[in-house]
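# Observations on the three-dimensional arrangement
For reference, the chains in residue letters:
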Amino acid sequence: MGRRGPKPKSAELESLQGFPGRRKRATEAKINAVDRAHSLSVEPQDSRSVPCDLPAVVAAKPPPILKTKREREIWAELILDPVRGVWFRYPDLAFIARHVSKLARLEGMMSRRIRATYETRTGTGERLIRANPEYSAMMALDREVRAEEQLLAGNPVARLTLETKTGDSRAPQLPTPGATITQPAAADARPPSTGSPLGILRSGRKPEAH
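In this text, all values refer to a predicted model and were calculated from it rather than measured experimentally.

## Quick notes on the overall build of the chain
Broken down by element type, the chain carries nine helices and two strands. Start at the N end of the chain and walk to the C end: the helices and strands fall as α-α-α-α-α-β-β-α-α-α-α. For the chain, with 210 residues in total, the buried portion stands at 25%. Put simply, of all contacts in the chain between residues at least 6 apart along the chain, 59% involve residues at least 24 apart. Accessible surface computed for the chain: about 15,700 Å², of which carbon and sulfur atoms make up 56%.

Following this line, the structure appears as structure tokens:
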């Protein structure tokens, strides 16, 4: 008559699995690694909705294309802006870096007080007033910067449009004299999930819920 109970395990399988209460560390580490990989693959995080966490770290490490001191100063001011910075997402940082580079170059051109025209004379001594090509280049760069500010909520009209489309006002609300101040509930105190201003201001669509 055969032995009762489950079929005995081989010595190799016993070594890999360990005994109850004292499972080997290597086997336990492998199981934990598989569990972590499974949890990440089940619920992937959409980078489009990830805000710029730790803005001080992002501001302190600007992209490599921002080499001058003024470019890095503008980058830090923009990322740490308490009104505009909350809308930025990680995929927006490359676009913001290009905007910062153009803005620093525009500031340098404007500080030189470039004249719109210059005077010259023909071979016969006739006086001519010509358009300054450097001034035309500065105005073209200014138009690009203003168009990008519209996408980055960098002017009052863009900020108002952004707040209207999302229903979220970033301006502080002053209490009315004599009014009773009510404390918001825990669910209402959480900041709303908002999208990037690049997509919201570019078209008339509503922000997607994440």
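## Some words on helix H6 (residues 133–151)
The first and last C-alpha atoms of H6 sit 28 Å apart over 19 residues, in line with the 27 Å expected at 1.5 Å per residue. At the N-terminal end of H6, a side-chain oxygen is found 3.1 Å from the backbone nitrogen of Glu 134, two or three residues along, and the residue is Asn 132. Just beyond H6, the residue with positive phi is Ala 153, at close to 55°.

## Things to note about the nonpolar core
Counting residues in hydrophobic clusters, the biggest one holds 24 residues, and the most contacted among them are Trp 75, Ile 79, Phe 88, Leu 93, Ile 96, Val 100 and Leu 152. Of all the secondary structure elements, the ones that give two or more residues to this core are helix H3 (55–60), helix H4 (69–79), helix H5 (93–111) and H6. With nine residues, the single largest contributor to this core is H5.

## Here's the deal with the packing of H4 against H5
Interaxial distance between H4 and H5 falls to 9 Å at its minimum, and their mutual angle equals 130°. In terms of orientation, H4 lies oblique with respect to H5. Considering how the two elements wind past one another, H4 and H5 form a crossing that is right-handed. In this structure, H4 uses Arg 70, Glu 71, Ile 74, Trp 75, Leu 78 and Ile 79 to contact H5, whose residues at the interface are Leu 93, Ile 96, Ala 97, His 99, Val 100, Ser 101, Leu 103, Ala 104 and Glu 107. Of the residues assigned to the contact of H4 with H5, the class counts are 10 nonpolar, two polar and three charged.

## Examining the packing of H5 against H6
How two helices pack is summed up by the angle between their axes together with the distance between the axes. Where H5 contacts H6, the two axes come as close as 10 Å, and the packing angle between them is 145°. Crossing of H5 against H6: the hand is left-handed. Contact residues: H5 offers Phe 95, His 99, Lys 102, Leu 103, Arg 105, Leu 106, Met 109 and Met 110, while H6 offers Glu 134, Ala 137, Met 138, Leu 141, Asp 142, Glu 144, Val 145, Glu 148, Glu 149 and Leu 151. The residue makeup of the contact of H5 with H6, split by class, is 10 nonpolar, one polar and seven charged.

## Focus: H5
Here H5 is 19 residues long and its end C-alpha atoms lie 27 Å apart, about the 27 Å a rise of 1.5 Å per residue gives. Of all the residues in H5, the buried ones are Leu 93, Phe 95, Ile 96, Ala 97, His 99, Val 100, Ser 101, Leu 103, Ala 104, Leu 106 and Met 109. Following H5 by one or two positions, Arg 113 adopts a phi angle in the positive range, close to 55°.

## So, the environment of Ile 114
Along the chain, Ile 114 falls in the loop between H5 and strand E1 (117–121). Taking the C-alpha atoms as reference points, Ile 114 and Met 138, separated by 24 residues in sequence, lie 8.5 Å from one another. Not counting residues up to four positions away in its chain, the partners in contact with Ile 114 are Met 109, Asn 132, Glu 134, Tyr 135 and Met 138.

## Observations regarding the environment of Leu 80
Along the polypeptide, Leu 80 turns up in the loop between H4 and H5. By relative accessible area, which is 47% here, Leu 80 ends up partly exposed.

## Focus: the pairing of E1
Direction of pairing for E1 relative to strand E2 (residues 127–131): antiparallel, over a ladder of five bridges. Bridging from a neighbouring strand, Thr 117 pairs with Ala 131 of E2.

Rules used throughout
- Residues numbered from 1 in each chain as written.
- Predicted model: local features only at pLDDT ≥ 70, side-chain atom pairs only at ≥ 80, totals over all residues.
- Heavy atoms only, no water.
- Helix = DSSP H or I, 4+ residues; strand = E, 2+ residues; numbered from the N terminus.
- Buried < 20%, exposed > 50% of the residue type's maximum accessible area, 1.4 Å probe, protein only.
- Contact = heavy atoms within 4.5 Å.
- Areas by Shrake-Rupley, 256 points an atom, 1.4 Å probe, with all protein chains shown as cover.
- Expected span 1.5 Å × (residues − 1).
- Polar contact = N/O pair within 3.5 Å; in protein donor to acceptor, adjacent residues only side chain to side chain.
- Core = buried A, V, L, I, M, F, W, Y, C linked by side-chain atoms within 4.5 Å.
- Axes fitted to C-alpha atoms, helices over the stretch in contact; angles between N-to-C directions.
- Parallel < 35°, antiparallel > 145°, perpendicular 65-115°, else oblique.
- Left-handed = near helix turned anticlockwise from the far one by under 90°.
- Nonpolar A, V, L, I, M, F, W, Y, C, P; charged D, E, K, R; others polar.
- Pairing = 2+ DSSP bridges.

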